[in-house]
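Survey of secondary and tertiary structure
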Amino acid sequence: MKKRICMIGSGTAGLQLAYALKDDFAVTVVQPRSAEEIRQGRIMSTQVHFGEARNREIRYGMPQWPDSPPIVSVHLTIGDQKLLTGMLKEAAVSVDQRLYWTACMEDLEAKGVTFRWGRIPKEKAGDLVREFDLVIDCTGKQGPLFPFQPVPELTRFDAPRRKCIVGYFVGVKPLEPLGVSATIIPEMGEMFEIPALTEYGPVTILFIEAIPDRELDVFKGIKEGEAFAGKMKEVVQRFFPGIAERIDEQTFALCDENAFLQTAVTPVIRKPYTMRDGRLVVACGDSAFLNDPITGQGCNLASYCAEQLADTIREHARSAWDEAMGEDYWQRVRGRVREVTEWTNAMTQPLPQHVVQFLLGTPGDQQKADQVAGWFAHPDTAHRSFFPDATP
Ligand SMILES: Cc1cc2nc3c(=O)[nH]c(=O)nc-3n(C[C@H](O)[C@H](O)[C@H](O)COP(=O)(O)OP(=O)(O)OC[C@H]3O[C@@H](n4cnc5c(N)ncnc54)[C@H](O)[C@@H]3O)c2cc1C
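Note that the structure is a prediction, hence the values are computed from the model and not measured.

1. A word on the site of the ligand
The ligand sits among 35 residues. The nearest are Q31, S45, T46, D286 and C299. Within the contact set of the ligand, an oxygen atom lies 3.5 Å away from a backbone nitrogen or oxygen of G11. V48 has a polar backbone atom sitting 2.9 Å from an oxygen atom of the ligand. Burial of the ligand by the protein amounts to 94% of the accessible area it has alone, namely 1000 Å². Elements with a minimum of two residues in the shell around the ligand: α1 (12-21), β2 (26-31), α4 (97-110), β8 (163-170) and α8 (298-315). When residues of the shell around the ligand are assigned to their parent elements, the largest contribution, three residues, is made by α8.

What follows is the structure, given as structure tokens:
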């Protein structure tokens with residue numbers, strides 16, 4: 001009989017794990033909302049998946065998105081100075097998670113993965129541990145449901161570094177070449193412009209990372225789409241002229257009434273395993289490794305860790321699933337977790353002088369510009385650039 005594995009949560013981590021494990025194990029996924037509720041619900045992320053994550057999705061036979069606008073470049077502006085347009089070696093994509101998750105859920109159900117509906121309260125999570133051979137907590141930033149211990153050297157802040165303000169818009173002429181555009185306004189925050197695919201077709205995501213209580217943090221109390229779009233237009237016209245000149249006044253609007261969100265994340269990194277009633281429980285994705293979204297790494301790290309966890313589980317298929325397996329998984333992923341976390345934390349602070357000097361030297365140097373674009377696809381290279389003296 002196949003061993004039974006339960007994922008609590010079917011976001012980026014839970015879904016990829018379900019694909020990675022479904023052929024070798026009996027997989028159950030517990031998820032609070034039906035596919036239809038997710039489809040009709042609020043946006044959740046800006047979800048740029050870079051080359052490595054996309055290649056994993058292909059390997060695992062996950063749904064593909066040929067109509068998704070290919071993100072081939074990264075544009076960087078500091079203040080009002082456009083510094084670079086770096087080219088990515090492999091195109092990235094951003095597919096609205098409402099579309100992406102529901103397609104995966106329906107496909108997985110058709111392929112024999114069992115779905116159960118319902119939000120698991122903390123006090124009931126132990127029931128699943130008793131029922132299954134392994135429980136994987138994939139509850140994202142709403143979790144975790146188990147007491148995974150914070151890792152002090154990677155958990156530096158006790159409050160959010162940014163307010164995350166996101167809207168999916170029509171009526172913005174895309175940048176050429178199509179890509180993610182980052183504008184940093186020192187001491188105020190950042191604006192990211194991201195082409196994405198939704199159920200309504202291609203959109204432009206405008207994503208403000210506002211330093212709390214500074215000039216970009218002006219969306220407090222806005223709960224209604226039209227007011228949100230109006231405030232976004234005002235902020236863009238005041239602080240981001242490069243975007244304002246591409247806005248079509250007649251058509252600029254959210255792509256649907258649920259296409260905006262406001263949130264904030266207190267970063268915390270936890271050791272991704274614990275024991276409950278003598279049984280191993282592991283965590284994957286934001287429930288263990290939660291960073292600010294400023295570097296766009298959360299889905300990519302969740303995807304990386306899901307693959308490492310699936311490989312660990314398969315290698316231990318014939319031995320006990322105990323603390324040693326949890327530690328094996330942690331040792332496999334901790335290098336990448338550290339690189340992403342330290343780089344991301346550094347991006348939420350004033351940039352180190354050597355990085356500023358490097359960036360100021362990029363205009364006219366395409367090799368350097370491509371190197372900066374590569375930071376997002378390969379966070380180990382970003383970490384080396386930010387922390388050249390770090391021990392591996
Ligand atoms: C504004 C913003 C922008 C972002 N942009 C990017 C980006 O461009 N690129 C990138 O890589 N990352 C980005 N991220 C981060 C990325 O969205 C997350 O890191 C990623 O989705 C984490 O995946 P996950 O599976 O751990 O959690 P999630 O994708 O959040 O999924 C969690 C799942 O658990 C379920 N769940 C929660 N609690 C329970 C419970 N008690 N019982 C049952 N189910 C439960 C939820 O319903 C959901 O299905 C962004 C995040 C934010 C907030």
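Having put the structure on the table, let's press on.
2. Overview of the UniProt feature "domain: Styrene monooxygenase StyA putative substrate binding" (unreviewed entry) in the protein
Sites flagged by UniProt as "domain: Styrene monooxygenase StyA putative substrate binding" (unreviewed entry) map to residues 140-246. The annotated region residues 140-246 carries 18% helix and 33% strand content, and the separation between its end C-alpha atoms amounts to 35 Å.

3. Observations regarding the sheet that holds strand β1 (residues 4-8)
Here we have six strands laid out as an open sheet, ordered β6-β2-β1-β7-β16-β15, and mixed in their pairing. For this open sheet the edge positions go to β6 (114-117) and β15 (273-276), each flanked by a neighbour on one side alone. With strand direction ignored, the average angle separating the axes of adjacent strands in the sheet is 25°. Direction of pairing for β15 relative to strand β16 (residues 279-283): antiparallel, over a ladder of four bridges. When the sheet's bridge partners are listed, Y273 is paired in β16 with V282.

4. Things to note about the environment of S10
Its location among the elements puts S10 in the loop between β1 and α1. When the C-alpha atoms of S10 and G140 are compared, they prove to be 9.2 Å apart, with 130 residues separating the residues in sequence.

5. Looking at the nonpolar core
By size, the foremost hydrophobic cluster in this structure holds 68 residues, and its most contacted members are M7, L17, L21, I136, C284, F289 and I313. Tallying contributions element by element places α8 first for this core, with eight residues. Apart from the residues lying within four places of it in its own chain, the contact partners of M7 are G14, L17, A18, L21, V27, T28, V29, V30, I136 and C138. Residues C164, Y168, L216 and A377 belong to the second largest nonpolar core, which totals 64 residues.

Cut-offs applied
- Residues numbered from 1 in each chain as written.
- Predicted model: local features only at pLDDT ≥ 70, side-chain atom pairs only at ≥ 80, totals over all residues.
- Heavy atoms only, no water.
- Near = heavy atom within 4 Å.
- Polar contact = N/O pair within 3.5 Å; in protein donor to acceptor, adjacent residues only side chain to side chain.
- Areas by Shrake-Rupley, 256 points an atom, 1.4 Å probe, with all protein chains shown as cover.
- Helix = DSSP H or I, 4+ residues; strand = E, 2+ residues; numbered from the N terminus.
- UniProt positions renumbered as here; feature names shortened; annotations may be inferred.
- Pairing = 2+ DSSP bridges.
- Axes fitted to C-alpha atoms, helices over the stretch in contact; angles between N-to-C directions.
- Core = buried A, V, L, I, M, F, W, Y, C linked by side-chain atoms within 4.5 Å.
- Buried < 20%, exposed > 50% of the residue type's maximum accessible area, 1.4 Å probe, protein only.
- Contact = heavy atoms within 4.5 Å.

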